[in-house]
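# Examining the three-dimensional arrangement
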Amino acid sequence: MRKWYAAAMAALGLAVLLAVPGAAGAGAGDTARGCERHFDAAVADFDAVFLAKDLPKVMAYYHDDAVQIGSNGAYRKDKAAIQANFTGLFTYDFTATFPEVKKHVDGCRGATLVVDFTLAIPSVGFKQHFYNALTFVRERGKWKIILDVSSPLPVV
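In this text, all values refer to a predicted model and were calculated from it rather than measured experimentally.

Conventions and cut-offs
- Residues numbered from 1 in each chain as written.
- Predicted model: local features only at pLDDT ≥ 70, side-chain atom pairs only at ≥ 80, totals over all residues.
- Heavy atoms only, no water.
- Salt bridge = Lys/Arg side-chain N within 4 Å of Asp/Glu carboxyl O.
- Helix = DSSP H or I, 4+ residues; strand = E, 2+ residues; numbered from the N terminus.
- Buried < 20%, exposed > 50% of the residue type's maximum accessible area, 1.4 Å probe, protein only.

Turning next to the pattern of salt bridges. Evaluation of the coordinates by the stated rule reveals 6 salt bridges. Asp-40 is the salt-bridge partner of Lys-103, the closest N and O atoms lying 2.7 Å from each other. Highlighted residues: Lys-103 in strand β4 (residues 100-106) and Asp-40 in helix α2 (residues 28-51), separated in sequence by 63 residues. Residue Lys-53 pairs with Asp-93 through a salt bridge whose shortest N-O separation is 3.4 Å. Here the residue Lys-53 occupies a position in the loop between α2 and α3 (55-60), and Asp-93 occupies one in the loop between α4 (79-89) and β3 (95-97), the gap between them amounting to 40 residues. Residue classification places Lys-53 among the partly exposed positions, given a relative accessible area of 28%. A relative accessible area of 61% means that Asp-93 is categorised as exposed. The network of salt bridges with common partners includes Glu-36, Asp-40 and Lys-103.

What follows is the structure in structure tokens.
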């Protein structure tokens, strides 16, 4: 009886492992890679909505307690001040590039992203170059920017 019971339990265990995709061998590394892929997708979407000047969608990526420090030292202490900054920017036709310089995703908890940001508003002869460092937290399955800091660089 014991042999039959052990064989039945082993067969049941194998059936469960085969029926649940990824259950066999799924570990913390798989979860972390999944979170990194989710982070990368969120960043790609954030970039797209920024370039589309979609203010509500851009602001949805900012945490309720977000802080922003601009490349000129302007301190925006809350989401309303950050939104006001983007509202002004989005009135212009601008171009922007922001290739990734450095990224670190800390499992499913947080992430930092540094981009080499160049912003140009040709109609007013404005061009700015800066590193933009974004700190993200993951809250209720969504990546949110909690700190947005820019450091000026020479315009090239």
